[in-house]
Amino acid sequence: MKKEFYSNGKLLITGEYLVLDGAKALAVPTKFGQNLIVTEGANQEIKWTSFDSDGSVWYEDTFSFRDISRNDSGKKKASIRNTLIAILHEAFELNPDFIYQSEGYQITTQLSFPRNWGLGTSSTLINNIAQWFQIDAFVLLKNSFGGSGYDIACAQNNSSVLYHLENGKPIVERVTFDPVFSENLYFVYLDKKQNSKAAIASYYENPKNDLAKTIVKNDKITLEVLNAKNLQEFALAIEKHETEMSAILKIETVKESLFPDFEGTVKSLGAWGGDFVLAIASENPTDYFKRKGFRTIIRYKDMVL
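What this report covers is the structure whose coordinates are included nearby. Because the structure is predicted, anything quoted here is derived from the model rather than measured.

### Observations concerning the packing of aromatic side chains
How two aromatic rings sit relative to each other is set out by the distance from centre to centre and by the angle between their planes.
Next up, step 1: Overall, the coordinates contain 22 aromatic pairs when judged by the stated rule.
Next up, step 2: With a centroid separation of 6.0 Å and 25 degrees between ring planes, the pair formed by Phe-187 and Tyr-300 is classed as stacked. Here Tyr-300 lies in helix 12 (residues 300–303) and Phe-187 lies in strand 8 (residues 185–189), a separation of 113 residues in the sequence.
Next up, step 3: On the basis of relative accessible area, Tyr-300 is assigned to the buried category, the value being 6%.
Next up, step 4: Plain terms: the ring middles of Phe-259 and Phe-289 are 5.1 Å apart, the flat faces sit at 80 degrees to each other, and that makes the pair edge-to-face. Highlighted residues: Phe-259 in the loop between helix 10 (254–258) and strand 9 (265–268) and Phe-289 in helix 11 (residues 286–291), separated in sequence by 30 residues.
Next up, step 5: Residue Phe-289 is classed as buried on the basis of its relative accessible area of 0%.
Next up, step 6: Taken together, the aromatic side chains of Phe-65, Phe-98, Tyr-105, Trp-132 and Phe-133 make up a single cluster linked through ring pairs.

Below you can see the structure in the form of structure tokens.
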């Protein structure tokens, strides 16, 4: 018995933070992702090995079925082991037969992107585990990590998506987002991994005035971004989005804080302060970002599925 599962990585173009409160978000799946291979094991154990994109082992451990069914990880300090056991426990709760009907499993996971890039190490894992257990990935996410679920939508779809929550339920609309000006779009890694849980907690700490009005404004801008006919329209909509979110979060935009002299537009993607940003420029900006000390610059067509 050998089964293999795969999930796409993700980038959130619009709707960061607000998507948690029901706003529409434009998100794109990436050409990078993660697979999970299941083979037979023994001793009522799961032997787990995770490989980074360079082929190195970044995590290796063994869990007993009892560890997973009991799940006392919440009583212990945060660690990769305890987090993984907690996810597997929630999967077990949704479909216990997958453990009770087996002698054991050997699991390997393989990322096709460096795990510090923030393209969805956790969301691709959760979606792969959900496929393996034949359960709903959105429910597994809600019961384990939490979050809006846009990343699960990207993991499951090979096209861009408009995503929002309606009465807590995920609504996924597949859309075509293939801008004719894509040669002017670049993704730049800030070489700083952002903690999504901490970013979400910080967002909820900020008081929000007239959230419903803010969501309506966000949704309008998101559609402007999606439907932009040329680079200028797209850049203006992106700049509008950055300005609105800066006011909500009470944080400088990434252009103001890191790239004030950049001749173009820069937008944070997902949690502000780390991971990738989107750069919009009339000419290739690679040299500019390298002079600033940022070495990972990826063209739109090389990143987006």
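Right, picking up where we left off after that structure.
### Structural notes on the pattern of salt bridges
Next up, step 1: Counted by the stated rule, this structure contains nine salt bridges.
Next up, step 2: The shortest N-O distance in the salt bridge between Arg-115 and Asp-52 comes to 3.9 Å. Taken together, the residues span a long stretch of sequence, with Arg-115 in the loop between strand 5 (105–111) and helix 4 (121–133) and Asp-52 in the loop between strand 3 (45–51) and strand 4 (57–64) at a distance of 63 residues.
Next up, step 3: Given the relative accessible area of 35%, Arg-115 is considered partly exposed.
Next up, step 4: On the basis of relative accessibility, which here comes to 13%, the residue Asp-52 falls in the buried class.
Next up, step 5: Of the charged contacts in the structure, one is a salt bridge between Asp-67 and Arg-81, with a shortest N-O distance of 3.2 Å. Taken together, the residues span a long stretch of sequence, with Asp-67 in helix 1 (residues 65–70) and Arg-81 in helix 2 (residues 80–94) at a distance of 14 residues.
Next up, step 6: Of the residues examined, Asp-67 reaches a relative accessible area of 28% and is grouped as partly exposed.

### Some remarks on helix 4
Next up, step 1: The first and last C-alpha atoms of helix 4 sit 18 Å apart over 13 residues, in line with the 18 Å expected at 1.5 Å per residue.
Next up, step 2: Counted residue by residue, helix 4 has 11 buried out of 13 residues, so it is predominantly covered.
Next up, step 3: Burial in helix 4 covers these residues: Thr-121, Ser-123, Thr-124, Leu-125, Ile-126, Asn-127, Asn-128, Ile-129, Ala-130, Trp-132 and Phe-133.
Next up, step 4: Directly beyond the C-terminal end of helix 4, a positive phi value near 60 degrees is found at Gln-134.

### A few points about the pairing of strand 8
Next up, step 1: Judged by how many residues are buried, strand 8 sits mostly within the fold: five of five residues are covered.
Next up, step 2: Taking every second residue as pointing to the same face, both faces of strand 8 are buried, with Leu-185, Phe-187 and Tyr-189 on one and Tyr-186 and Val-188 on the other.
Next up, step 3: Relative to strand 11 (residues 297–299), strand 8 runs antiparallel, the two sharing three bridges. Its bridge partner being in strand 11, Val-188 is matched across the sheet by Ile-297.

### Regarding the sheet that holds strand 8
Sheet strands pair by backbone hydrogen bonding; their relative direction is either parallel or antiparallel.
Next up, step 1: The four strands are arranged 9-10-8-11 in an open sheet whose pairing can be described as antiparallel. For this open sheet the edge positions go to strand 9 and strand 11, each flanked by a neighbour on one side alone. If you compare each strand with its neighbour and ignore which way they point, the axes differ by 25 degrees on average.

### Looking at the packing of helix 8 (residues 211–227) against helix 9 (residues 231–249)
When two helices pack together, their arrangement is given by the angle between the helix axes and the distance between those axes.
Next up, step 1: One way to put it is that helix 8 packs onto helix 9 with a least axis distance of 8 Å and a crossing angle of 155 degrees. Accordingly, the angle class assigned to the pair helix 8 and helix 9 is roughly antiparallel. When the axes of helix 8 and helix 9 are compared, the crossing they make is left-handed. Here Thr-214, Lys-217, Asn-218, Ile-221, Glu-224, Val-225 and Asn-227 of helix 8 lie close against helix 9, whose contacting residues are Glu-233, Phe-234, Ala-237, Ile-238, Lys-240, His-241, Glu-244 and Ile-248.
Next up, step 2: By residue class, the composition of the contact of helix 8 with helix 9 is six nonpolar, four polar and five charged.

### Details of the side chain of Asp-219
Next up, step 1: Relative to the elements of secondary structure, Asp-219 occurs in helix 8.
Next up, step 2: Despite its burial, Asp-219 pairs with no opposite charge, the nearest such side chain being Lys-24 at 5.6 Å.
Next up, step 3: The contacts of Asp-219, once residues within four sequence positions are left out, are Ala-23 and Lys-24.

### A few points about the packing of helix 2 against helix 4
Next up, step 1: Relative orientation of the contacting elements helix 2 and helix 4 amounts to 35 degrees, with a least axis distance of 10 Å. Here helix 2 runs over helix 4; the crossing is right-handed. Counting all contacts with helix 2, which are made through Leu-84, Ile-87, Leu-88, Ala-91 and Phe-92, the residues of helix 4 involved are Leu-125, Ile-126, Ile-129, Trp-132 and Phe-133.
Next up, step 2: In the contact of helix 2 with helix 4, the residues fall into 10 nonpolar, no polar and no charged.

So, how was this worked out
Residues numbered from 1 in each chain as written. Predicted model: local features only at pLDDT ≥ 70, side-chain atom pairs only at ≥ 80, totals over all residues. Heavy atoms only, no water. Phe/Tyr/Trp six-rings, centres within 6.5 Å; stacked < 30°, edge-to-face > 60°. Helix = DSSP H or I, 4+ residues; strand = E, 2+ residues; numbered from the N terminus. Buried < 20%, exposed > 50% of the residue type's maximum accessible area, 1.4 Å probe, protein only. Salt bridge = Lys/Arg side-chain N within 4 Å of Asp/Glu carboxyl O. Expected span 1.5 Å × (residues − 1). Pairing = 2+ DSSP bridges. Axes fitted to C-alpha atoms, helices over the stretch in contact; angles between N-to-C directions. Parallel < 35°, antiparallel > 145°, perpendicular 65-115°, else oblique. Left-handed = near helix turned anticlockwise from the far one by under 90°. Contact = heavy atoms within 4.5 Å. Nonpolar A, V, L, I, M, F, W, Y, C, P; charged D, E, K, R; others polar. Lys, Arg positive; Asp, Glu negative; His and termini not counted.

Just distances and angles here, no functional claims.
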